Amino acid sequence: MTPLEIELVPCLSDNYAYLVHDAEAGLCAVVDPSEAPPVKRALAARGWTLTHILNTHHHPDHTGGNLALKQDFSAEIVGPGKDRDRIPGIDTGVDESTPWTFGGRTVTVLEIPAHTRSHIAFVFDDAAFTGDTLFAMGCGRLFEGTPEMMWTSLSKLMRLPDATRVYCGHEYTLNNGRFALTLEPANAALVARMGAVEAARAAGAPTIPSTMGLEKQTNPFLRPASPEIRRALGLEGAGDVEVFAEMRRRKDSF
Ligand code: ZN
Ligand code: FE
């Protein structure tokens, strides 16, 4: 099976949509199209024809391009089956119990609620599209779930292999990293990563994709067991969920 080609498409002010192209099968999916025009330009530049629209969750900055793209390409819209009412134009609902294939590939759907109650991730081979649940050095806000729910969702993503590439919904990395440094200034991997992130952003380059291995080393929301984080929060004896919840609470007003 030939490897998929993945192209990042900046949308709105800080969103990313992604094109996932299977040359052999003649298929091309877009993940989380905030808006149609940049997606159409990226397709035209590559000479690809859209066949699928995938949504990780219902928010407008992830689904805003659904209907226009469906109209132009007759593409099939695939999204969380538990949220059919909130996904514009949905054709196919998927969840962990409904395997979904793209060409000859089985795509793993992970249910990772908390940012929204039906948020999902799509995992194609070694590429995970994590929407607004896992960001580079951050995680999504808890709009429709509890800290415990988000910690369970992030723990599920942490079981993916370290080499898994992480494609998330927003370019929030620089701000996320600044927050991470307030909790773990002595984390050498974090300090090194921030140097690279600052250089990339100064050059106008994206910081995506990340990898699960790098996230586990540098993303505080995946590291509630870190003694340095616990000391910073004064929560040495607390459980992981309590530490996670306090980090999320602080980040909300960072
Ligand atoms: Zn969202
Ligand atoms: Fe978003």
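What comes next concerns the included structure. Small disclaimer: the values here were computed from a predicted structure and weren't measured. Sequence order as written defines residue numbering, which begins from 1 separately in each chain. Whichever chain is written first is A, and whichever ligand is written first is 1; the rest continue in order. Since the coordinates come from a predicted model, pLDDT governs what is reported: local features require at least 70, and pairs of side-chain atoms require 80 or more to be given and counted, while whole-chain, interface and lining totals use all residues. Note that water and hydrogens are dropped before the side-chain values are worked out from all heavy atoms of the structure.

Numbering goes from the N terminus for both helices and strands, where a helix is a DSSP run of H or I of at least four residues and a strand is a run of E of at least two. Tallying secondary structure elements over the protein gives nine helices and 14 strands in all. On C-alpha atoms alone, the protein measures out to a radius of gyration of 18 Å, which is about the 18 Å that the 2.2 N^0.38 rule sets for 254 residues. If one aligns the C-alpha atoms of the protein with their principal axes, the spans along those axes are about 55 × 40 × 35 Å. Working rule for contacts: check all heavy atoms of both residues, and any pair within 4.5 Å makes them a contact. Summarising the internal contacts of the protein: among those between residues at least 6 apart in sequence, 60% fall at separations of at least 24. Positive charges come from Lys and Arg, negative ones from Asp and Glu, while His and the chain ends are left out of the count. Here the site of a charge means atom NZ of a Lys, CZ of an Arg, CG of an Asp or CD of a Glu. Within the protein, the 32 negative side-chain charges are centred at a point lying 3 Å from the centre of the 24 positive side-chain charges. Computation of the radius of gyration draws on C-alpha atoms, with the globule rule given as 2.2 Å multiplied by the number of residues to the power 0.38.

A metal bound by six donors in octahedral fashion has ideal angles of 90 or 180 degrees, whereas one bound by four tetrahedral donors has an ideal angle of 109.5 degrees. The rule for donors is simple: N, O or S, within 2.8 Å of the metal, or within 3.2 Å if the metal is Na, K or Ca. Water isn't counted, so a site may look like it is missing partners. Summarising the metal site, the iron ion (ligand 2) is bound by the protein donors Asp61 (OD), His62 (NE2), Asp132 (OD) and His170 (NE2), whose distances to it range over 2.1 to 2.2 Å. The geometry test gives tetrahedral to four donors whose angles all lie between 85 and 135 degrees, gives square planar to four donors and octahedral to six donors whose opposite members are over 155 degrees apart with all other angles between 65 and 115, and gives irregular to the rest. Around the iron ion (ligand 2) sit four donor atoms, and with donor-metal-donor angles ranging over 83 to 169° the site reads as irregular. Within one chain, the residues donating to the iron ion (ligand 2) are spaced in sequence as D-H-x69-D-x37-H. In this structure, the iron ion (ligand 2) is positioned 3.2 Å from the zinc ion (ligand 1), and both are ligated by aspartate 132. Of this pair, histidine 62 sits in helix α2 (residues 60–63) while aspartate 132 is found in the loop between β10 (127–131) and β11 (134–135), placing the two residues 70 residues apart along the sequence. Comparing histidine 62 with aspartate 132, the two get one shared label, buried. The rule is simple: take the accessible area with a 1.4 Å probe, protein chains only, and divide by the maximum for that residue type; under 20% is buried, over 50% is exposed, in between is partly exposed.

Turning our eyes to something else, we now look at the coordination of the zinc ion (ligand 1). Ligation of the zinc ion (ligand 1) by protein atoms is provided by His57 (NE2), His59 (ND1), His115 (NE2) and Asp132 (OD), these donors lying 2.2 to 2.3 Å from the ion. Taken together, the four donor atoms coordinating the zinc ion (ligand 1) and their angles of 86 to 171° define a geometry best described as irregular. Each donor residue of the zinc ion (ligand 1) belongs to the same chain, with the gaps between them written as H-x1-H-x55-H-x16-D.

For Phe, Tyr and Trp, rings pair up if their centres lie within 6.5 Å, where Trp contributes its six-membered ring, and each pair is then called stacked (planes under 30 degrees apart), edge-to-face (over 60) or tilted (otherwise). Enumeration according to the criterion identifies 13 aromatic pairs in this entry. Seen in terms of ring centroids, tryptophan 100 and phenylalanine 102 are 6.0 Å apart; in terms of plane orientation they differ by 35°. Their pairing is tilted. Considered together, tryptophan 100 and phenylalanine 102 belong to a single accessibility category, that of buried residues. With a centroid separation of 6.2 Å and 35° between ring planes, the pair formed by tryptophan 151 and phenylalanine 244 is classed as tilted. Taken together, the positions of tryptophan 151 in helix α4 (residues 147–158) and phenylalanine 244 in helix α9 (residues 240–252) put the pair 93 residues apart, joining distant regions of the chain. These aromatic residues form a ring-pair network of at least three members: Tyr16, Tyr18, Trp100, Phe102, Phe122, Phe124, Phe129 and Tyr167.

The subject of this paragraph is the nonpolar core. Formed by 26 residues in total, the largest nonpolar core has its most connected members in Leu154 and Leu157. Broken down by secondary-structure element, the contributors of at least two residues to this core are β9 (120–124), α4, α5 (173–183), α8 (227–233) and α9. Tallying contributions element by element places α4 first for this core, with four residues. The residues contacting leucine 154, other than those within four sequence positions of it, are Thr133, Leu134, Cys139, Phe221, Leu222 and Phe244. Only buried Ala, Val, Leu, Ile, Met, Phe, Trp, Tyr and Cys residues count toward a nonpolar core, and they belong to the same one when joined by side-chain atoms within 4.5 Å.

Lining residues are defined by having an atom within 4 Å of a point belonging to a cavity or pocket. Those points lie on a 1 Å grid over the protein atoms alone, cavities being sets where a 1.4 Å probe fits but cannot get out and pockets being open sets with protein on both sides within 12 Å along at least five of seven lines. Grid points are joined across faces, edges and corners, and a volume is the space filled by probe spheres set on the points. Counting across every chain of the model gives one cavity of 30 Å³ or more. The calculated volume of the largest cavity comes to roughly 40 Å³. Contributions of two or more residues to the lining of the largest cavity are made by β2 (15–22), β10 and β13 (165–168). The greatest single-element share of the lining of the largest cavity, amounting to three residues, is contributed by β10.

So, on to the layout of surface pockets. In this model, the largest pocket occupies a volume close to 230 Å³. For the lining of the largest pocket, the secondary structure elements donating two or more residues are β12 (138–139), α5 and α9. Gly is placed with the polar residues, together with every amino acid not listed as nonpolar (Ala, Val, Leu, Ile, Met, Phe, Trp, Tyr, Cys and Pro) or charged (Asp, Glu, Lys and Arg). Of the residues contributing to the lining of the largest pocket, the split by class is five nonpolar, seven polar and five charged.

Attention now moves to the side chain of aspartate 132. The working definition used for a salt bridge is a side-chain nitrogen of Lys or Arg within 4 Å of a carboxyl oxygen of Asp or Glu. Buried within the structure, aspartate 132 lacks any salt-bridge partner; arginine 141 is the closest side chain of opposite charge, at an N-O distance of 9.3 Å. Separated by 3.4 Å, the side chains of aspartate 132 and histidine 170 make a polar contact. Not counting chain neighbours up to four residues away, the residues in contact with aspartate 132 comprise His57, His59, Asp61, His62, His115, His119, Gly140, Gly169 and His170. We define a polar contact as two N or O atoms separated by no more than 3.5 Å, with the added condition that, inside protein, one atom must be a possible hydrogen donor and the other a possible acceptor, whereas residues neighbouring each other in sequence contribute only through side-chain atom pairs.

Below, the discussion takes up the pairing of strand β5 (residues 76–80). Remark: a regular strand shows side chains that alternate across the two faces of the sheet. With respect to burial, β5 is a largely interior element, four of its five residues being buried. Pairing of strand β4 (residues 52–54) with β5 involves three bridges; the strand directions are parallel. Bridging from a neighbouring strand, leucine 54 pairs with valine 78 of β5. Pairing between strands is defined by DSSP: at least two bridges between the two strands are required. Sheet analysis places β5 next to strand β6 (residues 92–94), joined by three bridges and oriented parallel. Counted as the bridge partner of glycine 79 is glycine 93 from β6.

None of the figures reported here should be taken as evidence of function without further support.
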